[in-house]
Amino acid sequence: MEFSIATLLASFPDDKLIAPKALEKKLGIREGDEAQKLQIALDALERINLLEKDRGRYRRVPEENLVEGKLRCSSKGFCFAIQDVEGADDIYVRESQLNTAWNGDRVLVSVTKEGSRRRSPEGEVRLILERANQSVLGRVKQVGEDDYRAVPLDDRLLFELELKRNGVNLQEAVEQLVHVEILRYPLGQHPPVGRVAQILGINAEAASDIAIVRCKHDLPLDFPEVASQEAKRLPSRLRKVDMKDRLDLRKLLTLRITGPQFSDEPALEDAISLESLEGGKRRLGVHIADVGHYVEVQGELDRQARRRGISIFLGNTIIPMFPELVHRRCSLIPGSDRLTISVLMTLDKDGQVLEFEIQPTLVAVDYEINYQQAQTILTRHQTQGDDELAADAPTLADLKQFEPIFETLDQLLEISQSIRQQRLQRGAFELNLPEKLFPNEGNSELGKFLSTKFEFDDEGAIGALVVSRLIPARSIVIELMLLANQLVASHLKALGVPAIYRVHRMPDVTTVQELLKLVANMNIEPSLEDEEEVHPRDYQRLTQQFAESEAEKVLTYLLLDTLKPAVYSTTPDSHFGLALDSGYTHFTSPLRRYPDLLIHRVLRAVFEEGRDRRSARSKERVNLRHSSCHGK
């Protein structure tokens, strides 16, 4: 079934009855088979006393000693259920108490024995909420004349899968490394059942690294036919109804600054505009493709995107979050009218944001320029320097078609440098780490630089900005996207609407102190402002000290290892790498990150459903799309 038990149970409000039809709507169930599966699940949950039924409706039964966690198992068979609550005890689960749960599964555990100072509490798996493995890597063995099994390579998965024939010659697959799709999980005394989706080779060395990674993490290259058909039904051109209630910015000079593309399905999600206002002020516009307008909530495209979560970059192979047709419809292609959500900021002469608004808009990109071309334009007044990238850059004579945006690029560079300076002044730091370079992209310095894969135009997965030969053209895009993300987060927080925030928590001071002891032996005298906690400015100072050392790269990697991972949270919290206390979110990549798409949907709800006055009789209104409404 498309929904998991975890999703189903999360649909029940506290102590409130809910009808099956309401659940179908919440879970996006439309087909008869899915409705039947839902009823089977409800009956099963009622039978094990997790739900109770009252006049055809269901409510969640509160039960003590039940905890939710994620299983982490060893090859010897003992497991722990790791709770999401920070500081909560891990629950020890014996192999005999797993009840067919596997490593990585999300489970409900019934605590059977309280913990002590030396021992963890013990429990047994009461219910499997969500399966972590939809497929496994395994090796085929023959156990009978026509009986074949797959033994998982992961020794924490303590089972064998019975293989069904599906056109693959299983005799020839014996002792081969295979990717097995799971058709049925263990049921009572019956083993799990699967089918061979792909034969990878005789061993891991013979198989493709990318194929192994894809199979291990169940990353499909292709989309189901139903999703492809839904993409084909997207309108090929803008309709009047699409343009309704949008701010028309098509007459505004708009440009895209883009890096190298490594896919036939480029995600052209962002564009920039700049206007001069009275008194030396300027209006900066960051325009992001309105993917949410086309991707229906709980539709098949939405389900596939939610399942993938993010576009995956594996070398030169990209596993996109959406099919190519969605990219074509939404991408901001020069010369085409496109639907966007725009952050329009009024800046003073020093680049400080005076006010901003977030609007559903209509834009048309006039120019698309790549980093290499933009770099030539931005450095056109330089007569000397050690810019190694300039040797292979196009000449100004080659770029005459971009003359109308020469001055705009200069101003954008000036603004981005001001924004960066503001970021550094509040304590944000940058890590000087090498970017991964792809082979066969040319041996010149510029060729090597352009072969770098720039996955996202913000702080990315690490949580801190990684810089290595960061050219001004790319810096413009990064700084503007970071600022747009920050302003959207501040707006959602001020309105008090539910949202998803990007949180980067403070490192453990003891871990940092250990690093400082090591660094002190290398003739560097590091120190912390506060012995009790770490501040972003401490890291900024450390990176500056490391830059003067011959071991800068090694020290920076050690510093990187002290950082906690950046995570998503429904509660606004600090972002250590960006030195932000007021909240930060991801908004600028809705074609490649599902959380960004969710933020777009929250904004759409504000645009369409937000209440801009205290009551229907009140005459005083606020503009929910403008920063002036904050605090009101």
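Residues numbered from 1 in each chain as written. Predicted model: local features only at pLDDT ≥ 70, side-chain atom pairs only at ≥ 80, totals over all residues. Heavy atoms only, no water.

A. Main features of the confidence of the model for the protein chain. Summary statistics for the protein chain give a mean pLDDT of 87 and a share of 92% for residues scoring 70 or more. Element-level mean pLDDT values for the protein chain span from 37 in helix H12 (residues 445-450) up to 98 in strand E16 (residues 282-289). Low pLDDT (under 50) marks residues 436-453, which in the prediction has 43 contacts with non-local residues, meaning those over four places away or in another chain. (pLDDT = per-residue confidence, 0-100. Helix = DSSP H or I, 4+ residues; strand = E, 2+ residues; numbered from the N terminus. Contact = heavy atoms within 4.5 Å.)

B. Seen up close, the side chain of Gln422. Along the polypeptide, Gln422 turns up in helix H11 (residues 406-425). At 3.0 Å, the side chain of Gln422 forms a polar contact with the backbone oxygen of Gly351. (Polar contact = N/O pair within 3.5 Å; in protein donor to acceptor, adjacent residues only side chain to side chain.)

C. Region of interest: the pairing of strand E6 (residues 106-113). In terms of burial, E6 is a largely internal element, six of the eight residues being buried. Sheet topology note: the strand E3 (residues 66-73)/E6 ladder contains five bridges and is antiparallel. Each bridged residue has a counterpart across the sheet, and for Gly69 the counterpart in E6 is Val107. Here E6 runs beside strand E7 (residues 122-130); their pairing, made up of seven bridges, is antiparallel. The residue bridging Arg106 from the neighbouring strand is Glu130, located in E7. (Buried < 20%, exposed > 50% of the residue type's maximum accessible area, 1.4 Å probe, protein only. Pairing = 2+ DSSP bridges.)

D. The nonpolar core, seen in detail. In this structure, Ile257, Leu284, Met345, Leu480 and Leu603 are the most contacted members of the largest nonpolar core, which totals 48 residues. Tallying contributions element by element places helix H13 (residues 472-495) first for this core, with eleven residues. When residues no more than four places from it in sequence are discounted, the contact partners of Leu480 are Ile272, Leu284, Val286, Leu412, Ile415 and Ile419. Counting 24 residues, the second-largest nonpolar core is a separate cluster that includes Leu234, Ala289, Val295 and Ala305. (Core = buried A, V, L, I, M, F, W, Y, C linked by side-chain atoms within 4.5 Å.)

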